[in-house]
Amino acid sequence: MKFRTQTYPTRRAVFTAALGLPVTLILALVVPDLWVLGAGWVAAILGLVALDALLATSVPRMEPSIDAPGSGYVGHDYDVRITTEFAAGVPPRKPELRLTANDRLSVSPSTAQAGLGDGGMLALFNIRTELRGTAELERLWTRWQGPLGLVWRQRIDPLLQEFPVTSDTKMVRDTAAEIFTKDANIGQKLQRMRGDGTEFDGLTEFMPGMDKRSIDWKHSARHGTLLSREFRTERNHNIVFAFDTGHIMAEAAEDVETGESMTKLDRALNAALLMSFVSLKIGDKVGLYAFDEKPYLYAPAIGNTRSFSQIRRVSAKIDYSNAETNFTLGLSQLAQNLQRRTLIVVFTDFVDSTQAELMVENMARLLKRHIVIFVAFRNSALDQLIERPAKTPEEAAASLIGDGLMRERDLVLRRLMRMGVNVIDADADTLNMKVLNTYMMLKARNAI
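Note that the structure is a prediction, hence the values are computed from the model and not measured. (Residues numbered from 1 in each chain as written. Predicted model: local features only at pLDDT ≥ 70, side-chain atom pairs only at ≥ 80, totals over all residues. Heavy atoms only, no water.)

Brief notes about the overall build of the protein
Working step 1: Within the protein one finds eleven helices and 21 strands.
Working step 2: Residue pairs in contact within the protein that sit at least 24 positions apart in sequence constitute 71% of those at least 6 positions apart.
Working step 3: For the protein, the accessible area works out to roughly 23,300 Å², and carbon and sulfur atoms hold 54% of it. (Helix = DSSP H or I, 4+ residues; strand = E, 2+ residues; numbered from the N terminus. Contact = heavy atoms within 4.5 Å. Areas by Shrake-Rupley, 256 points an atom, 1.4 Å probe, with all protein chains shown as cover.)

Structure representation (structure tokens):
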């Protein structure tokens, strides 16, 4: 798409020309024959402005070249380099650039001063990926003054340069690699050794210290020595991550340790992708489900570690919403989609007891056939409000209201636990490992 151009005077030119107006008025009143001197001043300035526009670097020669990332992870910072080459001659004076983007990105600084070199200039911008989805660099404004500093020449380039912003899979792979190392010191060991689980693996000679209940008496009699059965953890279990994408999940959840702020939905996706990577490594199958006022995405469970890239691509379709979550429709449709016993990991949050009541009722229906992990986000700001000493009546009232909300929330979570739901009420900084450890605990207990 073709660029647009603009030419307009600088503040210096406007103020200098404006000085001629009162001079002209005074001369017209005091010495009428000399009023043309003031008018000549204004005309001279306008002539210099026209001359400055002619001497300034021409707009077509200021062709920008943009070096931007091809993709990005949400919550990360990236550099955008803009280089502009121009031929020999009068270089641009005081060049400035401005870059605009859609709501998925924030750009800083708002206006960048370009550095001049031999036959070119360079400007740097920092972009931060605020939301998942398709990020777009929309327009680039480049302006510079003429050699006299009386006129601005401006070039507006429509960029329309898009790149995908996805969940932080680099964090997923790095964390999973640490967990899978033999001496990992966080989480639980994920590779179950022979002798665990309930699926028959083979026979081995019975040794002191082994469980006597594992002795296979029939084969021991046949071989004339005590043989013990070995087991391994079952594989190919179905795991479905169900995401509530209503307006509450679009709120920010801040990591207390790092100060990093991301939406609850993005943090839920990071935790789900980490668990997906580990689950696929172990041999289980992973599927995705998303709903707000109605279900809008269902990806059936698939296996094999090579499927992780496909799961990541599908997760990019899970978008933010301003709608109220319909738990009845969302969870009942999920139950209809599942034909076999499944581990369902529900990422959601709630603020009032009415909404929670509908959620609890539908959780009870899921529990009839499936195992459920319920993941909610702890409101650290509300915790701080309750714990902070009140210095005014208003602060005391706010603390009292906050305490009431937290009590209602704890009652709902305890009710879910009594029903048999595996409840996780986690802060942003502990969410990933709590979800993963709960999954591994269920695997170790053969509960799936």
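As for the nonpolar core
Nonpolar side chains in soluble globular proteins tend to be buried together.
Working step 1: Counting 45 residues, the largest nonpolar core has Phe241, Phe243, Leu343, Val345, Phe347 and Tyr439 as its most contacted members.
Working step 2: Sorting elements by how many residues they give to this core places helix α5 (residues 264–282) first, with twelve residues.
Working step 3: Once residues lying within four places of it in the same chain are set aside, the contact partners of Leu343 are Asn238, Ile239, Val240, Met275, Ile371, Ile373, Tyr439, Leu442 and Ile448.
Working step 4: Grouped together as the second largest cluster of nonpolar side chains are 26 residues, Val59, Val80, Ile82 and Ala101 included. (Core = buried A, V, L, I, M, F, W, Y, C linked by side-chain atoms within 4.5 Å. Buried < 20%, exposed > 50% of the residue type's maximum accessible area, 1.4 Å probe, protein only.)

Here's the deal with the pattern of salt bridges
Working step 1: One pass over the full model with this rule turns up 15 salt bridges.
Working step 2: The residue Arg143 makes a salt bridge to Glu96 at a minimum N-O spacing of 3.0 Å. One end of the pair, Arg143, is in strand β10 (residues 133–145); the other, Glu96, is in strand β5 (residues 93–101), with 47 residues separating them in the sequence.
Working step 3: Relative accessible area serves as the criterion here: at 24%, Arg143 is assigned to the partly exposed category. (Salt bridge = Lys/Arg side-chain N within 4 Å of Asp/Glu carboxyl O.)

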